[in-house]
Amino acid sequence: MKFTLSWLKDHLDTDASLDAITETLTKIGLEVEGVDDPAAKLRGFTIAHVIEAKQHPNADRLRVCMVDTGNGEPPLQVVCGAPNARTGMKSVFSPPGTYIPGKDITIGKGVIRGVESAGMLCSAAELQLSEDHDGIIDLPEDAPLGVSYIDWLGTADPVIEINLTPNRPDCTSVHGIARDLAAAGLGKLKASAVIGSVEPKGIKGEFPCPVQVKLDFTENHKNLCPSFTLRLVKGVKNGPSPAWMQQRLKAIGLRPISALVDITNYMTFDRGRPLHVFDADKVKGNLVVRRASNGETVLALDGRSYALDEAMVVIADDNGVESIAGIMGGEASGCDENTVNVLIESALWDPLNIAQTGRKLGIITDARYRFERGVDPAFNIPGCEMATKVVIDICGGTPSSLVIEGEIPEDSKVIDFPWSETKRLTGLGVHPVEQKIILQTLGFHVSGTGDKVKVAPPSWRPDVEGKADLVEEVIRIIGLEKVTPEPLPAQKSVNGPVLTLLQKRTRAAKRLLAARGMMEAVTWTFISEKQALLFGRSAAMLPALKLSNPIAADLSDMRPSLLPGLLMAAQRNADRGMGDVALFEVGQIFRGDGENDQKIAAAAIRRGTARAQGTGRHWSDSAGTVDVFDAKADVMALLAGLGVSMAGLQVVSGGPAWLHPGRSGILQFGPQNPIGCFGELHPRILKELDIKGPLVAVEILLDAIPAPKMRPTKMKPKLEMSEFQALTRDFAFVVDQSVKADDLIRAARASDKAMVSDVSLFDVYEGKGVEPGKKSLAIEVTLQPKEKTLTDAEIDAIAQKLITEVTKKTGAVLRG
C-alpha cells in the first residue's frame, strides 16, 4: 500500500514529521517497507545564475556557460546542450559528485569536445519531476540564488509504502491509515472527502435512473452480491483529471488515464472503496448480476479475453457480460474521451468468490486486492455518493437518483470484554479509561460500566472476532515495547524435551546415513501414476491420492515411497557420467488418505560401485559392485545408531514387489509390525523405469519403529558393566540348506540369556567335507560373566547347553 505524505494529511490533522509518522506506523503494526523522499534525493540541486552563455567552439549544438552557484566562489564553467540555455537566466545546477536520478548517473568533472565542464544544468526530466526534457529548467528572476531547488519549489511529496497483513482490510485506504495514526496520538482524524470538501451525506437525484439492476441468485447464494448501488450521471466531460490527482496517482505507481477512470482509482486508495464506471450509452438494457455460463468470454479492460465458468460472478446486459464482478471491467462498456453519460457502480462482493475467480483467471487488480480481504459494507452507498460528487465537481453532469438492490449485511457481533483481559494476556496493566479511549478512537462502540463491557467492532474491521483481538488493538496502540519480558514462575517452568521421539529419529537418521558416505537428496513429494503403482499404490487408492491440479503430468500422485525419486535422481546422475552414487532422503510418504496414513520414512540407495567403504575406484576400496549385503549393512547400521534393540528384530527373506525376491529382506518386530525392507531392485522395475543397475535400496518407516522401553525388559535389559573379562568361543554347525543363519543365531542367544552377550556369524561353507544339501555355519559366541570368573567346567556346561539348544531349534549338528 503506497500513499504520499500530503495525501495522508488530507485525512490527518498533524504536525508530526515524516520520521515520526513512519516510526509510528511500524510501531502500530503497519510496517513501513520504504520511503521515497524527493526532497532528500534532490537536496544537492541548487538554484544558479547563468552569467554568460556562448557558442561551443567545437560543437554547433553545445553552449559554454559561466554559472554563479551563489556559494561565494568564482563562477564555474559548464558545457550545456539545452536549446534554451542563455545569458542571464536562472536554472537548476548540480555540482560534480551529484547523482542524477533521471539518467542514473553521478555527474563529475569532464572534458566535452575539448572544453572543461564542472557540473550540469538540469531539465525537469533529469530530476524526475516531469517528462519535460526539451530544455533546462527556466526559473523566474526572483528565484533565490544558492538555495536548494526542491526546498524553494515546495512541492516535494514523500511516498510511503507499508506492508499490510491480510487481516487489515481497513488499512487498504489512506483514510484507514490516518484513523490508526490518530488513535496512536499522532493527530486528529478529519472527516474530509477526497477533494477536501465536507463529506456528502447524499446527492439529490434530478431524475430517475433509467437503468435497473437485478441480482439473479438463489436464496442460498445471495452472499455473492449482497448489495448493489447504481447511479447515472448525464452530461459529463471526460477530459484529463486535475494535476494534483494525477501527481498522486503517479507517485503510487498508477498511470493517469482519464478523469472518470482516475476518480475510481483514487477512491480505491483514498477510501478503500473500489468502484466501476460504465459508459451508459454502450450499455444495452438493464444490468443483471449473475453467475457466468460455462464458455462465456469477456474482453476486459486490459485487452485480454477471459473464458468464464459458472463459479464466477459477472455484471451483464442484453449484449452479454460487461464486467468480471469485483475484479475488472469489460472493454465494450469502458469509458473514453467521447463518454458523456456514465453509470457509477458500487457493490459488495463475496471475498472468497473474488479470490477464487481472480486466482483462476490470473488477474491481479487493486479492486480484487480489497474485495478478497473485505471492504467496509456500510460504506457501499456513501462511497457511491462520494464518487458522484467528485465526478460532478471534476467532470460536471447531472445525477439521477440511486438504484439500490439487495441489503447491506447486518453485523450484530458484540464481544463481552473484561478490562482485566489485557493484563491477563500481556502482563501490561492499562487503565480501563485508556483502553476505552483507544477502542473508541479506532471506531469500536463500547457500552456498559464496571469491570466488564460490551464492545461492537466497526463495520470496517471484519478481522476482530473475540477478546484477544481487542487486547491486540489496545496493545499495538499503547506500544509493544512497553510489554516487559518476565520469566515464568519456577513451578511452571518447562523442563521437558523440546523434540518428540520421531523428530529426534528424523534428525539422527540423516546424520547416520550421511556418516556412511551418502549424499542427502530432496526429491518431489509427487510422482507419476505409473511409479506409484510400481511401488505399492493400489488401483483403488489412486483417486484419493491424485492431485487435482498437478504442476506437471509426471508429478500427478502423492508418493507411497521415497525410492522412485531417489532412483530417478541416481539415473540422472548416471546420464551425466556420475554412475557410482549413494543417495538418501528422509521425508513424508503417503500410504492412504486416512488420518494415520502419512508416514515418515528414511530411504537410501547405492548404485554401481558406491559401496560403504568408498566409490570402488580407488585401490584401497574393496572391488565389486553393490549387492544385498551392502543394503543390509546400511539398514543395520541405521537401526543401531537409532538405538533400536536388535534382540527382537527379525529379518525375513523376500520383500515387496519392487525388490528382487531372492536378494531382499523384510525387517519386522513380529509379523504384525514390519518396519521396512532392503535388497536389490527387481529387474522388472528397472526396465519399467528405464534405469540401469546394479542398484540396492533401503527403506524404513521411522514412526513404525517401537519406542524404547523406559524400564528394563528381556528385550532391553538394564545396562550393567561387568568387572570380569569376557571370553569368546567358536562353534561350527552343519545344517540343511533351508535353515536361515538368523534362526541359528537366535537359538544360540536364547541358550543362556544371562551369560551369552553376543553371537555373530563369521563363516558360511559349502563343498568338500560337507554333505550335498547341507552347509556349515560358524558363529562366534561372547560369554560375559557378571559375578565371578568362569571355570573350565562352567564354560563347558554353557557350551553344551548352547549346542543342545541350537540342535533342538534348527536340527544342526556340531561339525567335527
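Look above for the structure.
Participant: Describe in detail the overall build of the protein chain, supporting the description with residues and values.
Facilitator: The helix and strand tally for the protein chain stands at 20 helices and 42 strands. For 816 residues, the compact-globule estimate of 2.2 N^0.38 gives 28 Å, and the protein chain exceeds it by more than 25% at 41 Å. Burial analysis of the protein chain (816 residues in total) assigns 46% to the buried set. Long-range pairs, those at least 24 residues apart, make up 69% of the contacts in the protein chain with a sequence separation of at least 6. When the accessible surface of the protein chain is summed, it comes to about 41000 Å², and 52% of that surface belongs to carbon and sulfur atoms. In the protein chain, 93 positive and 103 negative side-chain charges are present, and the distance between their average locations comes to 6 Å.

Participant: Before we move on, could you go through the environment of Lys 413 and cite the residues and values that matter?
Facilitator: Inspection of the secondary structure assignment puts Lys 413 in the loop between strand E26 (403-406) and strand E27 (415-418). Spatially, the C-alpha atom of Lys 413 lies 7.2 Å from that of Pro 457, the residues being 44 residues apart in sequence. Apart from the residues lying within four places of it in its own chain, the contact partners of Lys 413 are Val 455, Ala 456, Pro 457, Pro 462, Val 464 and Glu 465. Of note is the side chain of Lys 413, whose polar atom sits 2.7 Å from the backbone oxygen of Val 464.

Participant: Summarise the nonpolar core; cite the residues concerned and give the values.
Facilitator: Within the largest apolar cluster, 67 residues are counted, with the highest numbers of intra-cluster contacts made by Ile 21, Leu 25, Ile 162, Ile 177, Leu 181 and Leu 439. Beyond its immediate stretch of four places on either side in the chain, Leu 181 contacts Leu 8, Leu 12, Ile 21, Thr 24, Leu 25, Ile 28, Leu 186 and Gly 187. Core analysis: the next-biggest nonpolar cluster, separate from the first, contains 56 residues, Ala 610, Leu 667, Val 696 and Ala 704 among them.

Participant: Explain the packing of helix H19 (residues 741-750) against helix H20 (residues 792-810) to me, using residue names and the numbers behind them.
Facilitator: Running from amino to carboxyl end, H19 crosses H20 at an angle of 140°, the nearest separation of the two axes being 8 Å. It follows from the interaxial angle that H19 and H20 lie oblique. Note that H19 runs across H20; the crossing there is right-handed. The residues of H20 that touch H19, namely those facing Asp 743, Leu 744, Ala 747 and Ala 748, are Leu 802, Glu 805, Val 806, Lys 809 and Thr 810.

Participant: Outline the packing of aromatic side chains, listing residues and values.
Facilitator: Under the counting rule described, the total for this entry stands at 8 aromatic pairs. Seen in terms of ring centroids, Trp 7 and Tyr 266 are 4.5 Å apart; in terms of plane orientation they differ by 15°. Their pairing is stacked. Taken together, the residues span a long stretch of sequence, with Trp 7 in helix H1 (residues 5-11) and Tyr 266 in helix H7 (residues 259-271) at a distance of 259 residues. Aromatic side chains Phe 417 and Trp 419 sit 5.7 Å apart centroid to centroid with 80° between the ring planes, which places their arrangement in the edge-to-face category. With respect to burial, Phe 417 and Trp 419 carry one shared label: buried. Through successive ring pairs, a cluster of aromatic residues spans Trp 7, Trp 244 and Tyr 266. In this structure, Arg 373 is placed above the aromatic ring of Tyr 369, and the distance from its NZ or CZ to the ring centre is 3.8 Å.

Participant: So what's going on with the sheet that holds strand E30 (residues 519-520)? Residues and values would help.
Facilitator: Taken in spatial order, the 7 strands make up an open sheet running E30-E33-E34-E38-E37-E36-E35, and their pairing is mixed. Two strands bound the open sheet, and with one partner strand each, they are E30 and strand E35 (650-653). Across 2 bridges, E30 lies against strand E33 (residues 582-590) in parallel orientation. Across the sheet, residue Glu 520 finds its bridge partner in E33, namely Phe 584. Contacts from helix H17 (residues 628-641) reach strand E34 (598-607), E35, strand E36 (659-668), strand E37 (674-681) and strand E38 (695-701), with the element oriented near 25° to E38.

Participant: Give a description of the pattern of salt bridges that names residues and reports values.
Facilitator: All chains considered together, the criterion is met by 35 salt bridges. The shortest N-O distance in the salt bridge between Asp 180 and Arg 476 comes to 2.9 Å. Of the two residues, Asp 180 sits in helix H5 (residues 174-183) while Arg 476 sits in helix H13 (residues 467-478), which places them 296 residues apart along the sequence. There is no split in this pair, since Asp 180 and Arg 476 are both buried. For Glu 372, the salt bridge identified is with Arg 373, shortest N-O distance 3.2 Å. Using a relative accessible area of 25% as the deciding quantity, one classes Arg 373 as partly exposed. Members of the salt-bridge network, linked through shared partners, are Arg 168, Asp 170, Asp 180, Arg 461, Asp 463, Glu 473 and Arg 476.

Participant: Just give me the short version of the sheet that holds strand E28 (residues 445-447), but keep the residues and values in it.
Facilitator: Strands sit in the order E27-E29-E28 across an open sheet of 3 strands; the sheet is antiparallel. Taken across any chain shown, the strands that pair with only one partner, and hence form the sheet edges, are E27 and E28. Ignoring which end each strand starts from, the neighbouring axes of this sheet average 35° apart. In terms of strand pairing, E28 meets strand E29 (residues 452-456) through 3 bridges, oriented antiparallel. Directly across from His 445, in E29, lies its bridge partner Ala 456.

Participant: Any details on the packing of helix H6 (residues 243-251) against H7? Residues and values, ideally.
Facilitator: For the pair H6 and H7, the least separation of the axes is 11 Å and the interaxial angle reads 55°. Put simply, H6 runs oblique to H7. Note on packing geometry: the crossing formed by H6 with H7 is left-handed. In contact with Trp 244, Met 245, Gln 246, Arg 248 and Leu 249 of H6, H7 contributes Asp 262, Ile 263, Asn 265 and Tyr 266. Residues belonging to the contact of H6 with H7 are distributed by class as follows: 5 nonpolar, 2 polar and 2 charged.

So, how was this worked out
Sequence order sets the numbering: in each chain, residues are counted from 1 along the sequence as written. Reporting of local features is limited, given that this is a predicted model, to residues whose pLDDT is at least 70; pairs of side-chain atoms are given and counted only at 80 or more, and all residues count toward the totals for whole chains, interfaces and linings. As a rule here, side-chain values cover all heavy atoms of the structure and leave hydrogens and water aside. Helix numbering and strand numbering both begin at the N terminus, where a helix is a DSSP run of H or I of at least 4 residues and a strand a DSSP run of E of at least 2. The size measure is the radius of gyration over C-alpha atoms, and the globule rule it meets is 2.2 Å times the number of residues to the 0.38 power. Using a 1.4 Å probe on the protein chains alone, a residue whose accessible area is under 20% of its type maximum counts as buried, one over 50% counts as exposed, and one in between counts as partly exposed. A contact between two residues is defined here by any heavy atoms of the two lying within 4.5 Å. All accessibility values rest on the Shrake-Rupley procedure with a 1.4 Å probe; residue burial counts only the protein chains present in the view. Working convention for charge: Lys and Arg count positive, Asp and Glu count negative, and His plus the chain ends are omitted. A single reference atom marks each charge: NZ on Lys, CZ on Arg, CG on Asp, CD on Glu. N or O atoms within 3.5 Å of each other form a polar contact, as long as, within protein, one can give a hydrogen and the other can take it, and as long as residues adjacent in sequence are counted only when both atoms are side-chain atoms. Note on terminology: a nonpolar core comprises buried Ala, Val, Leu, Ile, Met, Phe, Trp, Tyr and Cys residues joined through side-chain atoms within 4.5 Å. Under this scheme, a helix contributes an axis fitted over its contacting stretch, all axes are lines through C-alpha atoms, and angles between N-to-C directions fall in the 0 to 180 degree range. Any angle from 65 to 115 degrees is called roughly perpendicular, while one under 35 is roughly parallel, one over 145 is roughly antiparallel, and all others are oblique. Crossing handedness is defined as follows: a turn of the near helix away from the far one that is anticlockwise and smaller than a right angle gives a left-handed crossing, while the clockwise case is right-handed. Aromatic rings from Phe, Tyr and Trp, taking only the six-membered ring of Trp, are treated as a pair when their centres fall within 6.5 Å; an angle between ring planes under 30 degrees marks them as stacked, one over 60 as edge-to-face, and anything in between as tilted. Cation placement over rings: the criterion is NZ of Lys or CZ of Arg within 6 Å of the ring centroid and within 35° of the ring normal. Two strands qualify as a pair provided DSSP detects at least 2 bridges between them. Salt bridges are defined by distance alone: a side-chain nitrogen of Lys or Arg within 4 Å of a carboxyl oxygen of Asp or Glu. The nonpolar class holds Ala, Val, Leu, Ile, Met, Phe, Trp, Tyr, Cys and Pro. Asp, Glu, Lys and Arg form the charged class, and all remaining residues, Gly among them, are polar.

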